[in-house]
Structures are given as structure tokens and as C-alpha cells.
Amino acid sequence: MKKVLLLTLALVMLVCVSAASADVVIAFSQIGQESDWRTANTDDLRNAIENHEGWKLVYDDAQQKQENQIKALRNFITQGVDYILFTGVVSTGWDEVLKEVNEAEIPLLLIDRIPDCADKIDYVAAFGGDFVEEGRRQIAWAGEYLKSIGKGDVDVNIVIMEGTTGASAQTGRTEGNLKALAEYPHLKLVGQQSGNFTRAEGQAVMESWLKSIDKIDVLIAQNDDMALGAIDAIKAAGKVPGKDIIIVGCDSVKAAFDAIVAGEMNCTVECTPLYGKFVVPTIEALIRGEKFDKTVVHPEEGVFDMDGGIDLGTVKSIKAADVIATRQY
Ligand code: AHR
């Protein structure tokens, strides 16, 4: 009898110890690694989760393919992970698989790009860029900057290099770009094409524009990687980036700061990739049983340029050289 009691006690203790030390498994379906922004986003979330005691990351890089993301989400369900972090390469086509996540009762956190079906599915928290506002800021910066140098009434030719077609970062920024253009009738849109958020495609699109468009005064690139690729194309064509062509990027990655300080780029509108500081306290709170509503939290973001002081209504630009040392990505 005594033996049985001791054995039962040992078994109970074993169950308790393993339950206490069981990892919280957080799975992350990442789009791919198309840009410096994406690398910074992956590193930030990886560090935040892996450095947290008792948390384990299951990471999947979908190589820019929606079918790979769908497969990864289904694998996460099969593995029975505790939480899923999700950002989608495009904004549509997620209804079915995200409903499967809901049916498996795995808490879903949306980050960066919020899918179109967000109002039809359950998610426990959402953090994403305000892409329409970022697009508005890009055009407003160009328009206000031109006014500040006495060119507010001069017709200028502008091209818009868009991100991955169908990504919410592309549709939102394009919406913001085009709406804001209506406020600046002297900015004449002469080119609009996707550079797929990559440096290589940004360079190729700019090369072809420089051959086919007579005069380009302003380039709006929906991310910094495409702007940096375009800078290479502009230099190769014998023009001076930042002077012959005004260049406005988006993201505010370190390489864009360097280009602005070097005088080869004019402005970058911030889109932060640093979601670890939102995700960690949220999962801690969810573990404690707290709940959040479905509001999408937009991080506070700035606009950085050569001289600072351009008033964009919601924000004033900051001189890049003054803050470059404090940048984290
Ligand atoms: O969704 C955020 C966007 O995706 C960033 O602007 C871009 O660089 C990335 O690829």
C-alpha cells in the first residue's frame, strides 16, 4: 500500500514538473525575406520570442508564396502550437485557412499586413502599418518640399513604384498616394508600376522608365529597397539621384538613412518592423487570461529627410542625420 502511494505521489510530481516547464509554442508564418524591412521584422520577433523564458518559436519562411503560407498554417494546426503570428503576402484568399485556425482554437495574432477577411475571422490582437497614411505622407512630403523650394506652382513629372501587387502594403500605399495626388495638381503622374518590394526589381523598373519616359522629376517608391535599386539605375543612366530626381522611399531602414545623409535620397516615410515590443506583452497578457478587442494597433511612425521641418499635417519631418545613430534597423 505504502509503495502504491509513493508511486502515485512520484507520478503526480512528474506531471506537475513537466506541466510547469512546458514551453509556450509560438508559430510565425513569415512572408519571405524580400527587403531589409522584412529581415529586421524577422530578427526582431525571433529575438523577442526566443529570449523570453519558457517560449519557443516555430518559424516558417514562405518564400513569397501564398500556397507555402497556407501549408505552414495547416502544419502549425497539426503540431498544436499555442499561438500563431500571421502576416499575409497578399491580402485576399485567407478565409478558409484562417477559419481552420479558429476551429482549432489557436489564438491568432495579426501583424504587419491585415488580411481582407479580418472582419470574418476571430483574432486575439492585431498590430499593423497604417499603409494609406504612409502613402499619403509620401506624396504630401514631395508636394510640400517642392513648395518649400519655390516649385509649388511648377508642373513636375512623378512616377510611383508600387510594392507586391495585391499586398495590403501596396493597395493601402497606392490608395494614399493617389488620394494625396489630387491635392497637388502640379504633380503629374507619368508612370506607375510594381517593383515587387525588392531592390533588383526596383532597379529594373527604373531602368525601363528612364528609357521610356522623357522626364522624371520625382520617384515615389513604396519601400526603401526599391528606392535603393532605383538609385543604382539613376546613377548608371548618368543622372544624380536626390538632385536630378527627388526620391521618396518608405520603411526608414538604415540603408535609406545612409542614402539620405549621402544626399542620394531625399525622404523616407517610416513603417516600423519592430513588433516584438507589442507581441510579447500581448501574449503575456493573454496567458494571464486578459482579452483585447479587434482594434488594429498602428505604431507611431515618423518621416525622415535631408533637412527636417516639412509639415505634413499629422507629422513634421525630422532631419535624418540628427537621429541616424539611434535607429534600430
Ligand atoms: O508590409 C510591410 C512592407 O513589406 C514593407 O514596406 C516592405 O519593405 C516589406 O516588404
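See the structure above.
Now for a description of the structure that goes with this document. Everything quoted here is computed from the prediction, not taken from an experiment.

## What about the sheet that holds strand E11 (residues 296-297)?
So, step 1. Ordered by their spatial adjacency, 6 strands build an open sheet running E2-E1-E3-E4-E5-E11, and the pairing between neighbours is parallel. Only two strands of the sheet have a single partner each, and these edge strands are strand E2 (55-61) and E11.
So, step 2. Of the strands in this sheet, strand E1 (24-30), E2 and strand E3 (83-86) are in contact with helix H3 (residues 66-79), which crosses E1 at around 170°.

## Thoughts on the pairing of strand E4 (residues 108-112)
So, step 1. Most of E4 sits out of view: 5 of its 5 residues are buried.
So, step 2. Relative to E4, E3 runs parallel, the two being bridged by 3 bridges. By the bridge assignment for E4, Ile84 is matched with Leu108.
So, step 3. Of the crossover connections in this fold, the one passing from E3 over helix H4 (residues 95-103) to the parallel E4 is right-handed.
So, step 4. Here 4 bridges tie E4 to strand E5 (residues 125-128), and the two strands are oriented parallel to one another. By the bridge assignment, Leu109 is partnered in E5 with Ala125.

## Digging into the site of the ligand
So, step 1. Around the ligand, a shell composed of Glu34, Ser35, Trp37, Arg38, Asp112, Arg113, Phe131, Ala169, Arg173, Phe197, Asn223 and Asp251 is seen.
So, step 2. The contact in question runs from an oxygen atom of the ligand to an N or O atom on the side chain of Ser35, over 3.1 Å.
So, step 3. Arg38 places a polar side-chain atom, nitrogen or oxygen, 2.9 Å from an oxygen atom of the ligand.
So, step 4. Considering the ligand on its own, with 280 Å² of exposed area, one finds that the protein chains cover 100% of that surface.
So, step 5. Counting residues per element, the ones that place at least two in the shell around the ligand are helix H2 (36-50) and helix H6 (168-181).
So, step 6. A class-by-class count of the residues in the shell around the ligand yields 4 nonpolar, 2 polar and 6 charged.

## Re the pattern of salt bridges
So, step 1. Enumeration according to the criterion identifies 18 salt bridges in this entry.
So, step 2. The partner of Arg137 in a salt bridge is Glu133, with the nearest N and O atoms 2.7 Å apart. Note that Arg137 and Glu133 are positioned in helix H5 (residues 131-148) at a spacing of 4 residues, about one turn of the helix. Grouping residues by exposure puts Arg137 and Glu133 together as buried.
So, step 3. Here Lys179 makes a salt bridge to Glu175, at a shortest N to O gap of 3.0 Å. Of this pair, Lys179 and Glu175 both sit in helix H6, 4 residues apart, which is roughly one turn of the helix.
So, step 4. The class for Lys179 is exposed, based on a relative accessible area of 54%.
So, step 5. By relative accessible area, Glu175 is classed as partly exposed at 39%.
So, step 6. Each member of the salt-bridge network shares a partner with another, and the members are Glu34, Arg38, Asp112 and Arg113.

## Describing the side chain of Gln138
So, step 1. Summarising the element assignment, Gln138 is placed in helix H5.
So, step 2. At 2.8 Å, the side chain of Gln138 and the backbone oxygen of Ala221 are in polar contact.
So, step 3. Residues in contact with Gln138, not counting those within four places in the same chain, are Asn177, Ile220, Ala221, Gln222, Val248, Gly249, Cys250 and Val269.

## Quick notes on the side chain of Thr198
So, step 1. Mapped onto the elements, Thr198 comes out in the loop between strand E7 (187-194) and helix H7 (199-212).
So, step 2. Not counting residues within four places of it along the chain, the set of residues in contact with Thr198 comprises Glu34, Asp225 and Met226.

## Considering the packing of H2 against helix H10 (residues 276-287)
Describing two packed helices takes the angle between their axes plus the distance from one axis to the other.
So, step 1. Where H2 meets H10, the closest approach of the two axes is 9 Å, and the angle between their N-to-C directions is 30°. Judged on the interaxial angle alone, H10 and H2 are roughly parallel. Two packed elements cross with a definite hand, and for H2 against H10 that hand is right-handed. Residues Asp44, Leu45 and Ala48 of H2 pack against Gly276, Val279 and Val280 of H10.

So, how was this worked out
Residues numbered from 1 in each chain as written. Predicted model: local features only at pLDDT ≥ 70, side-chain atom pairs only at ≥ 80, totals over all residues. Heavy atoms only, no water. Pairing = 2+ DSSP bridges. Helix = DSSP H or I, 4+ residues; strand = E, 2+ residues; numbered from the N terminus. Contact = heavy atoms within 4.5 Å. Axes fitted to C-alpha atoms, helices over the stretch in contact; angles between N-to-C directions. Buried < 20%, exposed > 50% of the residue type's maximum accessible area, 1.4 Å probe, protein only. Right-handed = clockwise from strand over helix to strand, strands pointing away. Near = heavy atom within 4 Å. Polar contact = N/O pair within 3.5 Å; in protein donor to acceptor, adjacent residues only side chain to side chain. Areas by Shrake-Rupley, 256 points an atom, 1.4 Å probe, with all protein chains shown as cover. Nonpolar A, V, L, I, M, F, W, Y, C, P; charged D, E, K, R; others polar. Salt bridge = Lys/Arg side-chain N within 4 Å of Asp/Glu carboxyl O. Parallel < 35°, antiparallel > 145°, perpendicular 65-115°, else oblique. Left-handed = near helix turned anticlockwise from the far one by under 90°.

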